Amino acid sequence: MKHPTPEELVSWFYGEKTTRPSRELQSHVDECVACRAQVDTWRATSRILNDLPAPVARRRWTPVPLQWAAAAALFVALGILVDRFAFSTDEAKLRAALHVDMQQQLAAAREEMSQEFQRRHDDVVAQVAALAEAKIALGSQKLAEDFGLALQQARAEDRATCLTALRELGAKHDAEVATLKRGIETVVALADYGFEATEQRFAQLAASTPTPTE
Amino acid sequence: MLSPLLTITDEQAMWRVKMDDDPQAFARLVERWQGPIQRLCIKMLGDAHRAEDLTQEAFARVFARRKDYEPAGRFSTFLWRIALNLCYDELRKIKRRGESSLEGSADERGETDFMADTAGPDLQVVADERAEHVRRALLQIPEPYRVVVVLRHYEGLKFREIGEVLDIPEGTVKSRMVEALNQLSRLLKPLVSDDRPTL
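Quick caveat, the model's predicted, so the values are computed rather than measured. (Residues numbered from 1 in each chain as written. Chains lettered and ligands numbered in written order. Predicted model: local features only at pLDDT ≥ 70, side-chain atom pairs only at ≥ 80, totals over all residues.)

Further remarks concern the overall build of chain B. Regarding its fold elements, chain B presents nine helices and one strand. The secondary structure elements of chain B, listed N-terminal to C-terminal, are α-α-α-α-β-α-α-α-α-α. Looking at chain B residue by residue over its 199 residues, the buried ones come to 35%. (Helix = DSSP H or I, 4+ residues; strand = E, 2+ residues; numbered from the N terminus. Buried ≥ 20, exposed ≤ 12 C-beta atoms within 10 Å, placed from the backbone.)

The structure is reproduced here in structure tokens:
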């Protein structure tokens, strides 16, 4: 069997899909000294990489009293134990007792820190949620303000348009009234002139008519 | 209050955040992803304090960019990308300032390893030293290799998914993983001999 490429080998190493069947690659690695050496090296490295624990961050602003309290408690406990066993010749007993006590103190401190971490974690989640809510509220308020402003602006524009239209309508009306008035005055003048002319004709007619003889 | 959201997928939760600015759905996403993102940042930067700040920054950025989220894509890819970009920015800043993430012990950087503390004090010291060695080795390999190791080895993403996050072909991801493992093998060689099982 041909050597697998390093890419194929690493894919197989991490249990992912490979172009060749996994069993085939496994038997090649078992038989091929070079490939086995490569995989063994990766396996050892991988095991060591797993030694890196997931560290928990301790914030710079974390109140110190918790740690100091743990340290002080440990110090006092050590003092009591040393005092108690000061004259004892059984050094192993003293060491064992100290070890147990230290373990207990450390366990208690660990527990406290773990609770503290959980509490802070919950706080952060709550803060983020509150922040998001506040942002939303702020966004809604801004939206409402913008809407009100736009509405006012639209109303003002409508009013201005109406006023202009009304003014134009009034001016047109006035012009029509003036034209009508002039027309009526012309008709009246013509009528007066007609009446006078008729009157004169009647008068002429009356004057020229011969009087009947008796 | 979050119980109705327990069963929804990340994508559904993010959709609610995008469309309705749903704070509960967002809180749910934070709860689910805070751990993985913090682990990624710690391993990329080697500094637990910075990692914690960046984790918070990553979620703030997710909320700020919620309208950019495409429901066709996975939420995790969207989030990993944001977190990784923040890590890259931070690493650039560190480089500009001439600082080194390798400086200081884990304790000075404010890290503690209570989670790994199950043995006695002596064994704990040994475990701490090994962890410090691994941390330094990770920080010594170039970023493109480091990110692949973190996502594949520690976070369990498939090579295909890593390709999507980094926007590179799957074959390139595998090549980088091979190179990363080889470099780490060289750097961690002193520990390999200690690690051999005793008969």
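Regarding its fold elements, chain A presents five helices and one strand. In chain A, the succession of helices and strands from N to C terminus is α-α-α-β-α-α. Buried positions account for 10% of the 214 residues belonging to chain A. In chain A, once contacts between residues fewer than 6 apart in sequence are set aside, the share between residues at least 24 apart is 45%. (Contact = placed C-beta atoms within 7 Å.)

Right, let's talk about helix 6 (residues 143-154) of chain B for a bit. All names here are of chain B. End to end, helix 6 covers 15 Å across twelve residues, agreeing with the expected 16 Å (1.5 Å per residue, within 8%). By the criterion of burial, helix 6 is predominantly enclosed, with nine of the twelve residues buried. If you check which residues of helix 6 are buried, you get Y145, R146, V147, V148, V149, V150, L151, R152 and H153. One or two positions beyond helix 6, positive phi appears at G156, with a value near 70 degrees. (Expected span 1.5 Å × (residues − 1).)

Residue and element names in this part refer to chain B. Their axes nearest at 8 Å, the elements helix 7 (residues 159-166) and helix 8 (residues 170-187) cross at an angle of 105 degrees. The angle between the axes of helix 7 and helix 8 places the two elements in the roughly perpendicular class. Each of F159, R160, I162 and G163 in helix 7 lies in contact with helix 8, whose residues at this interface are E170, V173 and K174. The residue makeup of the contact of helix 7 with helix 8, split by class, is three nonpolar, one polar and three charged. (Axes fitted to C-alpha atoms, helices over the stretch in contact; angles between N-to-C directions. Parallel < 35°, antiparallel > 145°, perpendicular 65-115°, else oblique. Nonpolar A, V, L, I, M, F, W, Y, C, P; charged D, E, K, R; others polar.)

Core analysis: the biggest nonpolar cluster contains 63 residues, and F26, C41, L79, A83 and V148 of chain B have the highest contact counts within it. The element contributing the most residues to this core is helix 2 (residues 23-45) of chain B, with twelve residues. Leave out the neighbours within four places in its chain, and F26 of chain B touches V128, A129 and A132 of chain A together with V17 and F63 of chain B. (Core = buried A, V, L, I, M, F, W, Y, C linked by C-beta atoms within 7 Å.)

Turning next to helix 2 of chain B. Remark: the principal bend of helix 2 of chain B, roughly 50 degrees, maps to W33 of chain B, with a proline, P36 of chain B, within the next four residues. Positive backbone phi, at 75 degrees, marks G46 of chain B, one or two positions downstream of helix 2 of chain B. (Bend = angle between axes of the 7 residues up to and from the residue.)

What follows deals with unusual backbone geometry. All names here are of chain B. Its identity is not glycine, yet D21 carries a phi of approximately 55 degrees, on the positive side. Here D21 is to be found in the loop between helix 1 (10-20) and helix 2. Residue classification places D21 among the partly exposed positions, given that 18 C-beta atoms sit within 10 Å. Positioned with a positive phi, D167 is a non-glycine residue whose angle comes to about 60 degrees. Among the secondary structure elements, D167 is positioned in the loop between helix 7 and helix 8.

Attention shifts here to the environment of A48 of chain B. Topologically, A48 of chain B is positioned in helix 3 (residues 48-64). Residue A48 of chain B is classed as buried on the basis of its C-beta count, with 21 C-beta atoms lying within 10 Å.

Below, the discussion takes up the confidence of the model for chain B. Residues and elements named next belong to chain B. Summing up the model confidence of chain B, the mean pLDDT is 85 and the portion of residues at 70 or higher is 82%. This model gives residues 110-117 a pLDDT under 50, and the stretch forms 25 contacts once residues within four places in sequence are excluded. Reported confidence for the predicted complex is 0.81 by ipTM and 0.57 by pTM. (pLDDT = per-residue confidence, 0-100.)

The next point concerns the confidence of the model for chain A. Segments scoring low in pLDDT should not have their predicted coordinates read at a detailed level. Confidence in the prediction of chain A, expressed as mean pLDDT, is 77, and 75% of residues score 70 or more. Note on residues 57-65 of chain A: pLDDT is under 50 here. Beyond four places in sequence and across chains, it has eleven contacts.

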